Amino acid sequence: MSPGAAAALAAEIAALDAKMLERQRAALRAPPEAAAVEDLEPPELLPPSSRIEDPRVRNAAERGWEELRGGRVAVVTVAGGQASRLGFEGPKGAYPLGPISGASLFQILAGAVHRMRERAGAPLPWVLMTGPENDAATRAYFAARNHFGLDARSVHFACQGTLPALTPDGELLRAAPDRLFRNPDGHGGLYRSLARDGLLERLGNGGVSTLFTCQVDNALAPVADPAFLGFHLGSAARISSKAVVKTEASEKVGLLAECGGLLQCVEYSDLPAAAQQTRASDGGLRLRAGNIAMHAIDLTFAQEMAAADLPLHLARKQVRALGPDGLLASVPAVKFETFVFDALPLAGRGGCLVQEADRAEEFAPLKNRSGADSIASARTALGARARRWMEAAGLGSSASGVLELAPGLAVDAADLRSRKDEVELHGGRLLRLRPHSTARS
Ligand code: UTP
């Protein structure tokens, strides 16, 4: 190895977090045990935000709007993943999902942030957590599109960190002679990435006290949902979660369940199939709270989590790295990740609240090219929601074929109804009338 390469490698090794490396090795020797099924209790589910006729939802929405109007909320989107199942070159958020327009996930989310700002009359900062492999591309994507009309100073990027992968024996691996093999630290890296460079502190100084977090690949994410925020703020919870009701035990989402009074997310792969199929007295699945990784988080709790030891999840994979002979080869490796929702039990008893998410209104994950949670299923869900909102607003009910709302036009059916005189339908797309057009009476 050249002296330069040796120095570079030595510097990288010297900069390793020794405590974290020890935790990684300990996790390798004794992976954390999953909770026993018999100890898991289903959490209470609060009614979904779409059930507006329920006074609890109405009151919560009012509370949430107060918080939004007061500028005390920021939106956080985790977008650091690698989109390997989708097989898309570039950040997953840049995927053109709009069924007619091809609007990207980023554009759809930016529209929702824009509309919520407009309605709240408040800044509503937006933070995107990127990953080492898509940070530059994501920033460039936003810059090239003028941040979709959002003030660039109100859109923040925070790149998640990495962790060294290890051999099955706990040794460091090299990706190149002068470089360790590392992988992104999972979406649990959010807390540290937000705390880094003082971003959380700056948000706090700007008056923000609650974060609404969602994943970039949920095409229907109800950005800064007021009722959800209101439920969270009206309770003692420090971190709240949304959950879809699982109807099929085989659906691949983690389960929110309580164990000893602490909420946690249990991976479906850690539960025996029989336990997942157990029914409650109402005939539904006993464990039915499907985690969609959408949270309301107190800023102070996020700050604490940045310094906390979140559990490490291990993934054993073959990777291209230097083998013992120093040559590049396919070698067995263990990658380590942390998850955002592993903070749930750390909030203590009563520190979490769970609200049911209306699946058709709020959750359409884009994971795969085809089949379940795919491009087609997410597009269909977007189109179906557009049709429901338009019909509820008395618009386009006679239109056949696919329908799409222009990003940022409305954030729910009632919002669209309030704007029905400002819009027109063009080739299946509901657009805002240009300012010089005559508004319909
Ligand atoms: P997923 O793991 O489901 O999606 O992450 P992915 O990483 O985009 O795609 P695959 O697994 O490689 O096919 C769920 C959400 O968490 C974010 C993703 O961007 C997505 O919004 N995420 C995931 C991160 O921000 N960082 C990570 O290290 C992993």
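Residues numbered from 1 in each chain as written. Predicted model: local features only at pLDDT ≥ 70, side-chain atom pairs only at ≥ 80, totals over all residues. Heavy atoms only, no water.

Q: Explain the overall build of the protein chain to me, and be specific about the residues and the numbers.
A: For the protein chain, the count of helices and strands is 13 helices and 19 strands. For 441 residues, the compact-globule formula gives about 22 Å, and the C-alpha radius of gyration of the protein chain, at 23 Å, lands near that figure. A principal-axis box enclosing the C-alpha atoms of the protein chain has dimensions of 75 × 55 × 45 Å. Considering only residue pairs separated by 6 or more positions, the protein chain has 72% of its internal contacts joining residues 24 or more positions apart. Roughly 19600 Å² of accessible area belongs to the protein chain as shown, and the carbon and sulfur atoms make up 51% of that amount. Placing the 50 positive and 50 negative side-chain charges of the protein chain at their respective mean positions leaves the two points 4 Å apart. (Helix = DSSP H or I, 4+ residues; strand = E, 2+ residues; numbered from the N terminus. Rg over C-alpha atoms; globule rule 2.2 N^0.38 Å. Contact = heavy atoms within 4.5 Å. Areas by Shrake-Rupley, 256 points an atom, 1.4 Å probe, with all protein chains shown as cover. Lys, Arg positive; Asp, Glu negative; His and termini not counted. Charge placed at Lys NZ, Arg CZ, Asp CG, Glu CD.)

Q: With reference to specific residues and values, describe the site of the ligand.
A: With respect to spatial proximity, 18 residues lie near the ligand, and among them Gly80, Ser84, Arg85, Gln160 and Lys367 are the closest. Here an oxygen atom of the ligand sits 3.3 Å away from a polar atom, N or O, in the main chain of Val216. Here the ligand, which alone exposes 550 Å², has 86% of that area covered by the protein. Here the residues of the shell around the ligand are counted per class, giving six nonpolar, eight polar and four charged. (Near = heavy atom within 4 Å. Polar contact = N/O pair within 3.5 Å; in protein donor to acceptor, adjacent residues only side chain to side chain. Nonpolar A, V, L, I, M, F, W, Y, C, P; charged D, E, K, R; others polar.)

Q: Outline the packing of aromatic side chains, listing residues and values.
A: Enumeration according to the criterion identifies 10 aromatic pairs in this entry. When the centroid spacing of 5.4 Å and the interplanar angle of 75 degrees are considered together, the rings of Phe142 and Phe157 count as edge-to-face. With a gap of 15 residues between them, Phe142 in helix H5 (residues 135–144) and Phe157 in strand S4 (residues 155–159) connect regions that are remote in the sequence. Take Phe142 and Phe157: they sit in the same class, and that class is buried. Arranged with centres 6.3 Å apart and planes meeting at 85 degrees, the rings of Phe212 and Phe228 form a pair that is edge-to-face. Placement of Phe212 in strand S9 (residues 210–215) and of Phe228 in helix H8 (residues 226–233) is noted, with a sequence separation of 16 residues between them. Residues Phe212 and Phe228 agree in their burial class; the two are buried. Seen from the ring of Tyr141, Arg145 lies directly overhead, with NZ or CZ sitting 3.7 Å from the centre. (Phe/Tyr/Trp six-rings, centres within 6.5 Å; stacked < 30°, edge-to-face > 60°. Buried < 20%, exposed > 50% of the residue type's maximum accessible area, 1.4 Å probe, protein only. Lys NZ or Arg CZ within 6 Å of the ring centre and 35° of its normal.)

Q: Before we move on, could you go through helix H2 (residues 18–29) and cite the residues and values that matter?
A: In a regular helix each residue adds 1.5 Å, so 12 residues correspond to 16 Å; H2 covers 17 Å between its end C-alpha atoms and thus fits that length. Residues of H2 that are buried include every one of Met20, Leu21, Gln24, Ala27 and Leu28, and no others. The arc enclosing the buried residues of H2, seen along the axis, measures out at 120 degrees, which places them on a common side. Set apart from the buried face of H2 by more than 90 degrees, the exposed residues are Ala18, Lys19 and Arg29. Against strand S5 (162–164), strand S14 (313–322) and strand S15 (328–337) lie the buried residues of H2. (Expected span 1.5 Å × (residues − 1). Arc of directions from axis to C-beta.)

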